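The primary structure of each chain is shown beneath.
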Amino acid sequence: MDRRKALMQIGMSMGYVVAVPTFMSVLQSCNNSKTTTWIPQFLTPDEGVILIGTVDSILPKTDTLSASEVNVHVFLDSFANEVMPPNQQDQFKATLNQLAVNALESSEKENISDLTVEDIAPEMLKALTDKKAKGVPFAKKIRDLTIWGYKCTEYVGEQVLAYDSIPGQYIACGDLDELSGGKAWSI
């Protein structure tokens, strides 16, 4: 065998070794099916179902995306796991569990996985408005964290609020309706 041919074949085989995995990853990325599911880090799967229903009852889908569609529930789970002190973590879980119990009783369903946003929303409303509601000490904090998490998402920052990726001149006393169409500015 000739030295040139040997070097050429070695070069081609190295090219195939590099190109095949890249080509396969390109082909696999063309798949439109979404197979990713959220696995809670801090909460149990049942508490995760309740959390999704709770955030969607606070911020449902309207002309904008719902809270779960922008992954607020994932943020809250991570926030509870990494930031909240242990006493707040316990209150967070206790509130979700009590909301689950109340929703199961009022909807007459047996499994938490069968609960929908329509089942959880009235219970969350009771927890927020009824001063005599027991077992839901963290309901207002969940509402506040949900709104905060929603407002901090990329979707809300760029699609809902007024957003200028390259800020222009500073106009101190301009009319908000004139400058941003009446929308608050995204940071």
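First, a word on scope: everything that follows refers to the structure included in this document. Please read all numbers here as calculations on a predicted model, not as lab measurements.

What follows concerns the packing of aromatic side chains. Taken as a whole, this structure holds four aromatic pairs when the rule is applied. For the ring pair Phe-75 and Phe-79, a centre distance of 5.7 Å and an interplane angle of 35 degrees mean the geometry is tilted. Of this pair, Phe-75 and Phe-79 both sit in helix H3 (residues 72-82), four residues apart, roughly one helical turn. A relative accessible area of 29% means that Phe-75 is categorised as partly exposed. According to the relative accessible area criterion, Phe-79 is buried, its value standing at 16%. On the numbers, 6.0 Å between centres and 75 degrees between planes, the contact of Phe-92 with Phe-138 is edge-to-face. One end of the pair, Phe-92, is in helix H4 (residues 86-107); the other, Phe-138, is in the loop between helix H5 (117-129) and helix H6 (139-151), and 46 residues separate them in sequence. Comparing Phe-92 with Phe-138 shows no difference in burial state: the two are buried. Over the ring of Phe-42 we find Lys-93; its NZ or CZ atom is 4.7 Å from the centre of that ring.

Moving on, we come to the pattern of salt bridges. Within the structure shown, the criterion is met by five salt bridges. Note that Glu-47 is salt-bridged to Lys-93, the shortest N-O span being 3.8 Å. You can see Glu-47 sitting in helix H2 (residues 45-58) and its partner Lys-93 sitting in helix H4, a full 46 residues away along the chain. Of the residues examined, Glu-47 reaches a relative accessible area of 7% and is grouped as buried. Overall, Lys-93 belongs to the partly exposed group, its relative accessible area being 24%. In this structure, the salt-bridge partner of Glu-123 is Lys-126, at a minimum N-O distance of 3.5 Å.

Rules and cut-offs
Position numbers for residues start from 1 in each chain and track the written sequence from start to end. Given that this is a predicted model, residues contribute local features only at a pLDDT of at least 70 and side-chain atom pairs are listed and counted only at 80 or more, while totals for whole chains, interfaces and linings are drawn from all residues. For side-chain calculations, the full set of non-hydrogen atoms in the structure is used, while hydrogens and water are omitted. Here a pair means two rings of Phe, Tyr or Trp (six-membered ring of Trp) with centres within 6.5 Å. Their orientation is stacked below 30 degrees between planes, edge-to-face above 60, and tilted elsewhere. Runs of E in the DSSP output that reach at least two residues are strands. Runs of H or I that reach at least four are helices, and both are numbered from the N terminus. Three labels apply to residues, based on accessible area from a 1.4 Å probe with only protein chains included: buried if under 20% of the type maximum, exposed if over 50%, partly exposed otherwise in between. Put simply, a charge is over a ring when the Lys NZ or the Arg CZ is close to the ring centre, within 6 Å, and near the line of the ring normal, within 35 degrees. Salt bridges are defined by distance alone: a side-chain nitrogen of Lys or Arg within 4 Å of a carboxyl oxygen of Asp or Glu.

By themselves these figures say nothing about function.
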